[in-house]
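These are the residues of each chain, in order.
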Amino acid sequence: MDRRRIEENIFKGLMIVSTIALCLILVLIVAAITFKGLPSMRLSMITQTPKGGFYLGKEGGILNAILGSIYLAGGATILALFLALPVVLYLNLYARRNGSIVRLVRFCLDVLWGIPSIVYGAFGFTIMLFFGLRASLLGGIITVALLILPIMCRAMDEVFSMVPRGLLEASYAVGATRWETALKVVVRQGLPGMITAVLIAFGRGIGDAASVIFTAGFSDAVPNSLFRPAATLPLAIFFQLGTPFPQVQNRAYASAFILTMIILFISITTRIVSRKYTRHIIK
Amino acid sequence: MEPETHIRVKNLNVYYGKDHVLRDVSINIPDKRVIVIIGPSGCGKTTLLRSFNRLVDTVDGVRVSGEVMVDEENIFDPHVELTHIRKKMGLLSQTPYPLPMSIYDNVAYGPRLHGIKDKKKLNSVVEHYLKIAGLWEEVKDKLHTPATQVSIGQQQRLCLARGLAVEPEIILADEPTSALDPKSSRHIEESFLRLKKDYTIIVVTHILRQARRLADYVIFLYCGELIEHGPARQVFESPREKMTREYIQGVIS
Ligand SMILES: Nc1ncnc2c1ncn2[C@@H]1O[C@H](COP(=O)(O)OP(=O)(O)OP(=O)(O)O)[C@@H](O)[C@H]1O
Ligand SMILES: [Mg+2]
């Protein structure tokens, strides 16, 4: 065998090994939470709030955290979407392509993306102190929205910058304004990518513990007001794992399983629902 | 006798950054016929065409001086209403770009933007222009399927119908057949010949034979300069300029 063939085979082997490792990690994670969590799964986990002594191994569930997380991540995703869309449309339709403003904004977004979530948590907490607010669902929503905003912007930016210019021009040519073009052509064309962006942001938001620990707080009650503290799944997992009782620790895995299922469920349903709206996309 | 004209170009200069791509072009475009712009690659044909509906504006770093008068209005005047200018001209690009919606919605896109809401009216507009573009028979049973599901040639005719539906006076076409098979190309050429009694049709092409088939009037550009323009017979049979003759004979390209 000549040298080039050997090189080719080594690289092929490397690629296969890495790809398998990647898939294996996913399988292992899912297996771990399933095997450790499923035995502790009870219907009460998702239908009840923690009763007295829940963290010592007594009765109850994590309904408070399930609802808290959904409200919080959902609210934050919607808020972030409303902030991200104008930014991204500006970058791709109004601003000069690759002009200094565009590059500056993209740079800011990249930096913001890299900031650890605990810093967002601390920042949100400072702001809340300044306004005299206590840890609350609203505080959590705002903080998480800030956390996922750069992710959503950059992901959607990527999508919108792929919209062919000829498509925009076709719309301008019949007398459409940029706004009309943005709304009726760009958003439509970018919809599948936008959905992915929103899902990535939602996943990041619902899974983050550090940003909500000070800003949303924790509560054993089902959240019923924007101005009260709300529980979240990552923190519920954290608290349960932190107890010395094995059965409570196993419930943490059950909680992780629930969190994963929520993300899976939301991804799948959004994709199914959006399929209806994406059949017109120009390839 | 000077022919009637809606488009008057006066001392038009276009720069992309430092590149001077159109040099002092002045011409009156005659009405209601097929005007063909020919010239070698990179000589500014597309730029000239896109100056007529100000799509050159979408290029970053572009600078324009001079005037393009459309219906006695200088379209490069900063106060001019862009959507109004663009509505006067249908555009066909090199590759067809159907909008990401159904065939019906593609044609109805322009009319809806300009205020037609009535369903019956829209239906008749869509049918009318699809017929004019010679596409109706082929798509009348699948108006609500995505526009991308028809052939490229049909997409180009759909784009023609979409452009016509806003009732322009002028059709701008930039190498409209270059992505199409011979049969679809012939469809497009035939529609131009049919439409020229009602519209002013400006076509960019680098296919000389196509230019001969279509042109009533020819504009020859070379390196951003307008070398010669005139009735097709005259330009093709007895060009005034040496350069035009050489281009037509294929000596330069
Ligand atoms: N977006 C742009 N930015 C900078 N320069 C450009 C741009 N578009 C075109 N040019 C330059 O302007 C000149 C004229 O281009 P134009 O597209 O008008 O030529 P053309 O005659 O249509 O060529 P072709 O026959 O290849 O389509 C070319 O030299 C080209 O390199
Ligand atoms: Mg061109």
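Look above for the structure.
Engineer: Can you break down the site of ligand 1 residue by residue, with the values?
Structural biologist: Residues and elements named next belong to chain B. Lining the immediate environment of ligand 1, one finds Tyr16, Val21, Pro40, Ser41, Gly42, Cys43, Gly44, Lys45, Thr46, Thr47, Val59 and Glu175. Here an oxygen atom of ligand 1 sits 3.2 Å away from a polar atom, N or O, in the main chain of Cys43. In this structure, Thr47 approaches ligand 1 through a side-chain N or O atom, which is 2.4 Å from an oxygen atom. Considering every element that reaches the shell around ligand 1, the biggest residue donor is helix α1 (residues 45–52), with 3 residues.

Engineer: Account for the packing of aromatic side chains, with residues named and values stated.
Structural biologist: Within this structure, the stated rule accounts for 7 aromatic pairs over all chains. Between Phe218 of chain A and Phe239 of chain A, the ring centres sit 5.0 Å apart and the planes meet at 85°, which makes this aromatic pair edge-to-face. In this pair, Phe218 of chain A is assigned in the loop between α8 (178–207) and α9 (233–241) and Phe239 of chain A in helix α9, connecting sequence segments 21 residues apart. The partly exposed category is assigned to Phe239 of chain A, whose relative accessible area is 33%. Taking the centre distance of 5.1 Å and the plane angle of 35° together, the rings of Phe220 of chain B and Tyr247 of chain B count as tilted. On the criterion of sequence distance, the pair formed by Phe220 of chain B in strand β9 (residues 217–222) and Tyr247 of chain B in helix α10 (residues 242–248) is long-range, its members being 27 residues apart. Residue Tyr247 of chain B is classed as buried on the basis of its relative accessible area of 7%. Across from the ring centre of Tyr15 of chain B, 4.3 Å away, lies the NZ or CZ of Arg63 of chain B, which sits over that ring.

Engineer: Describe in detail α8 of chain A, supporting the description with residues and values.
Structural biologist: An α-helical segment advances 3.6 residues per turn. Residues three or four places apart therefore align on the same side. Across its 30 residues, α8 of chain A extends only 37 Å between first and last C-alpha, which sits more than 12% below the 44 Å expected from 1.5 Å per residue. Of all the bends in α8 of chain A, the greatest reaches close to 65° and is centred on Leu191 of chain A; the proline Pro192 of chain A follows between one and four positions later.

Engineer: Please give an account of the pattern of salt bridges that cites residues and values.
Structural biologist: Applying the stated rule across the entire model yields 17 salt bridges over all chains. The partner of Asp110 of chain A in a salt bridge is Arg154 of chain A, and the shortest N-O contact between them spans 2.8 Å. With Asp110 of chain A in helix α4 (residues 100–114) and Arg154 of chain A in helix α6 (residues 137–160), this pair connects stretches of sequence that are 44 residues apart. What makes Arg154 of chain A buried here is its relative accessible area of 17%. Across the pair Lys196 of chain B and Asp216 of chain B runs a salt bridge, and its minimum N-O distance is 3.1 Å. Of this pair, Lys196 of chain B sits in the loop between α7 (182–195) and β8 (200–204) while Asp216 of chain B sits in the loop between α8 (208–214) and β9, placing them 20 residues apart in sequence. The network of salt bridges with common partners includes Arg106, Asp110, Arg154 and Asp157 of chain A.

Criteria and thresholds
- Residues numbered from 1 in each chain as written.
- Chains lettered and ligands numbered in written order.
- Predicted model: local features only at pLDDT ≥ 70, side-chain atom pairs only at ≥ 80, totals over all residues.
- Heavy atoms only, no water.
- Near = heavy atom within 4 Å.
- Polar contact = N/O pair within 3.5 Å; in protein donor to acceptor, adjacent residues only side chain to side chain.
- Helix = DSSP H or I, 4+ residues; strand = E, 2+ residues; numbered from the N terminus.
- Phe/Tyr/Trp six-rings, centres within 6.5 Å; stacked < 30°, edge-to-face > 60°.
- Buried < 20%, exposed > 50% of the residue type's maximum accessible area, 1.4 Å probe, protein only.
- Lys NZ or Arg CZ within 6 Å of the ring centre and 35° of its normal.
- Expected span 1.5 Å × (residues − 1).
- Bend = angle between axes of the 7 residues up to and from the residue.
- Salt bridge = Lys/Arg side-chain N within 4 Å of Asp/Glu carboxyl O.

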